[in-house]
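Report on the structure
Next come the chains, spelled out residue by residue.
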Amino acid sequence: MENLGEANFVREMAVGKREGFNSREHLRNAELQADQRGYKDILIVDVDAHHYENQYFGEIFKYIEDPVLKHLALQRDGNPANILFNSPNNQFNAGRLLRYGGIPHEEAEGNEHPETTRSRRQRTAIGIDYQIIFPTPMLALGMHPDPQIETALSWAYTRWWTEEVLPQDNSVKSMVYLPFFDVDASIRMIKTFGEMPGVIGFMVTSTRYAAVHDNKYMRLYAMLEERGMPLGFHAAFNQQERLFEGMNRFISVHSIGFVLNTLIHATNMIINGIPERFPKLKILLIESGLAWIPFLMQRLDNEYLMRTNEAPLLKKLPSQYLAENFYYSSQPLESTNMEALELTMKMMNAKTQLLYSSDYPHWDFDLPSVIWDLPFLDDQAKRNILGLNSLEVFPKLKAEVLGKMKNA
Amino acid sequence: MQKTFIAKIEAIESGQRFLAKFSGIEIVVFGHKGQIFAYENRCLHQGGPVGEGMILGRVVSVLDSEKRLVREEFSESEDQLICPWHGWAYSLQTGECAGLRGVYLKKFEIVNEKGSVYVQSQS
């Protein structure tokens, strides 16, 4: 039996659903990890965290421009009508993940927005310096049967986010939601919000049936390449996808669903030569983990060598595009087989292409320790993945960080 | 043997959970169905505060004689302590991880002396 010595303290602990949820307290053990590992001396950029914007639809819907949609959204005696595309969802694992019950009740500090308080608390606890925050239910809007809803809501959400919340905290950044169905509306988003403080890139929700190589998108890619701003494709799942009709569990649909559209979009991008057409366009594939990358590399290379005629724009193997022209967020980092993970990171050039992401507060979030504690990465690779690679992908962030260092 | 007082048995039986910190190790002490447990308050996954989590019966599948699924139910004989960060589950009795057999939460001895509950260790 271990010699424990005298207890430093004994106290009653808060447990279960309770009043006064505090994200920093919930993540107390993360803060201990951050202290133990000395994160305060390491730049940590989290390229994919979230909020539940549906908590704030009462604030968001006033920015909807279409009067008929705005009327629809604001019905039900002041309670925002649900105009989203919904699937069955068990993110909170039937109540086992206690923060899902607590976060909606977390109170703001002083006069700041509750989102500002919440995000600062979790960032402080985890040890994150900068964080890109994305919506949650809106990630399914690419499947909405009425594409006007995506256009209207992405506009309203972005106005709320960039005007009411983002200016309160310089550590929070945004990749602005592009209503990909409507190229003109997407270009308007880029022109309107691209220069706003805190906006460092743009994002398309991956769960959609769009062909990303369609000619209509070329002027969108050209505009982003010219501006030097990255385009993220954020994965999600759609329980109502016909392929998933036989899948009865959240775990099944989530495991496959968060990779499926990423596989399709990455394949279409490569085979149709988008990286050759826009060599300076930085594409970030968000929230699909890493395990799919070696699979796609091997599949595409094998078939490409037999069918180069079907991909005439390519000047190198598909796997080389995946390892050199795409960037990846790290979460959920599949780490149950260290040998497989080490090989995956080697194949994808993780040292330069991988960017740490937490996905907090979602059910499968990752702390920086999932990178920091990897036994096969050297110190420089860890620092690159946790923060420095992000500076290469996001020039506006790089300028800000360098400016801050200069003034320090 | 060395004992450190945690709480009176009444407080633990009322459902309160207690944290004790020994040389940097945080231990959670709590009662359930007449038993008292003491585990390190650190999930083996990413270090979450496992002691804050729900206690639920293990979910079991009930099959009929032809191995068709009849229903699912919560076990009445096997409870689990579930980490509130990500949902990793552990046997309440042994601390064994539900998904990784043979891997255990660190368990500590407790002593109940005349209604006072102690965590015990070697002196």
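Taken directly from UniProt, the Cofactor (unreviewed entry) text for chain B runs: "[2Fe-2S] cluster".

1. A few points about the overall build of chain B
Scanning chain B from N- to C-terminus turns up one helix and nine strands. Listing the helices and strands of chain B from first to last along the sequence gives β-α-β-β-β-β-β-β-β-β. Viewed in the frame of its principal axes, chain B has a C-alpha envelope of about 55 × 30 × 25 Å. When the 123 residues of chain B are sorted by exposure, 36% land in the buried category. Put simply, 46% of the contacts in chain B that link residues at least 6 apart link residues at least 24 apart.

2. Here we look at the sheet that holds strand β9 (residues 354-355) of chain A
The strands that make up a sheet are held in pairs by hydrogen bonds between backbone atoms, and each pair lies either parallel or antiparallel. Residues and elements named next belong to chain A. With parallel pairing, eight strands are arranged side by side in an open sheet as β2-β3-β4-β5-β6-β7-β8-β9. Because the sheet does not close on itself, it has two edges, and the strands there are β2 (45-50) and β9. Here two bridges tie strand β8 (residues 326-329) to β9, and the two strands are oriented parallel to one another. The residue bridging Ser-329 from the neighbouring strand is Leu-355, located in β9.

3. A short note on the UniProt feature "domain: Rieske" (unreviewed entry) in chain B
Mapped onto this numbering, the UniProt entry annotates "domain: Rieske" (unreviewed entry) at residues 4-119 of chain B. The span residues 4-119 of chain B carries 4% helix and 52% strand; its end-to-end C-alpha distance comes to 5 Å.

4. A short note on the pairing of strand β8 (residues 109-113) of chain B
Residue and element names in this part refer to chain B. As judged from the five bridges shared by β8 and strand β9 (residues 116-121), these two strands associate in the antiparallel manner. Paired with Val-111 across the two strands is Tyr-118, which belongs to β9. Between the end of β8 and the start of β9, which pair antiparallel, lie two residues, with Lys-114 showing a positive phi angle near 50 degrees.

5. Side note on the sheet that holds strand β6 (residues 69-82) of chain B
All names here are of chain B. Across the sheet, three strands lie side by side as β5-β6-β7; this open sheet has antiparallel pairing. Because the sheet does not close on itself, it has two edges, and the strands there are β5 (55-63) and β7 (89-91). Between one strand and the next, the sheet's axes are offset by a mean angle of 50 degrees, whatever the strand orientation. Two strands pair when backbone bridges link them, and β6 and β7 are joined in this way by three bridges, in the antiparallel orientation.

6. A short note on the packing of helix α10 (residues 250-271) of chain A against helix α12 (residues 292-304) of chain A
Residues and elements named next belong to chain A. Closest axis-to-axis distance for the α10/α12 pair is 11 Å, and the angle between their directions is 40 degrees. Our classification of the angle between α10 and α12 gives oblique. Like other packed secondary-structure pairs, α10 and α12 cross with a definite hand, here right-handed. Taking contact as the criterion, the partners of Val-259, Thr-262, Leu-263, Ala-266, Thr-267 and Ile-270 in α10 are, on α12, Trp-292, Leu-296 and Leu-300. Of the residues in the contact of α10 with α12, the class split is seven nonpolar, two polar and no charged.

7. Regarding the interface of chain B and chain A
Counting residues at the interface gives 28 residues for chain B and 26 residues for chain A. Breaking the side of chain B that touches chain A down by element, the ones donating at least two residues are β1 (2-8), β2 (17-22) and β9 of chain B. Residue contributions to the side of chain B that touches chain A peak at six residues, all from β2 of chain B. Residue composition of the side of chain B that touches chain A, by class: 11 nonpolar, 12 polar and five charged. Both strand β1 (residues 9-13) of chain A and β2 of chain B contribute to a ladder of five bridges, which runs antiparallel. Across the sheet, residue Arg-11 of chain A finds its bridge partner in β2 of chain B, namely Leu-19 of chain B.

8. Concerning the nonpolar core
Side chains that are nonpolar tend, in soluble globular proteins, to be buried together. Core analysis: the largest hydrophobic core is formed by 97 residues, its most contacted members being Ala-156 and Val-176 of chain A. No other element matches the nine residues that helix α7 (residues 147-165) of chain A contributes to this core. Other than its neighbours up to four places away in sequence, Ala-156 of chain A contacts Ile-60, Phe-61, Tyr-63 and Ile-64 of chain A. Core analysis: the second largest hydrophobic core is formed by 31 residues, Ile-27, Val-28, Phe-30 and Val-117 of chain B among them.

9. A short note on the environment of Arg-208 of chain A
Residue and element names in this part refer to chain A. Checked against the element boundaries, Arg-208 lands in the loop between β5 (199-205) and α9 (218-227). Judged by C-beta crowding, with 23 C-beta atoms within 10 Å, Arg-208 ranks as buried. Each C-alpha atom of the pair Arg-208 and Met-143 lies 5.5 Å from the other, and the pair is 65 residues apart in sequence.

10. Thoughts on unusual backbone geometry
Geometrically, the link from Gln-331 of chain A to Pro-332 of chain A is a cis peptide bond, its omega value of -5 degrees lying close to zero. Locating Pro-332 of chain A in the fold gives a position in the loop between β8 and α14 (338-347). A cis amide bond links Tyr-360 of chain A to the next residue, Pro-361 of chain A, at an omega of 5 degrees. Following the sequence through the fold, Pro-361 of chain A ends up in the loop between β9 and α16 (369-372). Unusually for a residue other than glycine, Lys-114 of chain B sits at a positive phi of about 50 degrees. Mapping Lys-114 of chain B onto the fold places it in the loop between β8 and β9.

Each value, and the rule that gives it
- Residues numbered from 1 in each chain as written.
- Chains lettered and ligands numbered in written order.
- Predicted model: local features only at pLDDT ≥ 70, side-chain atom pairs only at ≥ 80, totals over all residues.
- UniProt positions renumbered as here; feature names shortened; annotations may be inferred.
- Helix = DSSP H or I, 4+ residues; strand = E, 2+ residues; numbered from the N terminus.
- Buried ≥ 20, exposed ≤ 12 C-beta atoms within 10 Å, placed from the backbone.
- Contact = placed C-beta atoms within 7 Å.
- Pairing = 2+ DSSP bridges.
- Axes fitted to C-alpha atoms, helices over the stretch in contact; angles between N-to-C directions.
- Parallel < 35°, antiparallel > 145°, perpendicular 65-115°, else oblique.
- Left-handed = near helix turned anticlockwise from the far one by under 90°.
- Nonpolar A, V, L, I, M, F, W, Y, C, P; charged D, E, K, R; others polar.
- Core = buried A, V, L, I, M, F, W, Y, C linked by C-beta atoms within 7 Å.

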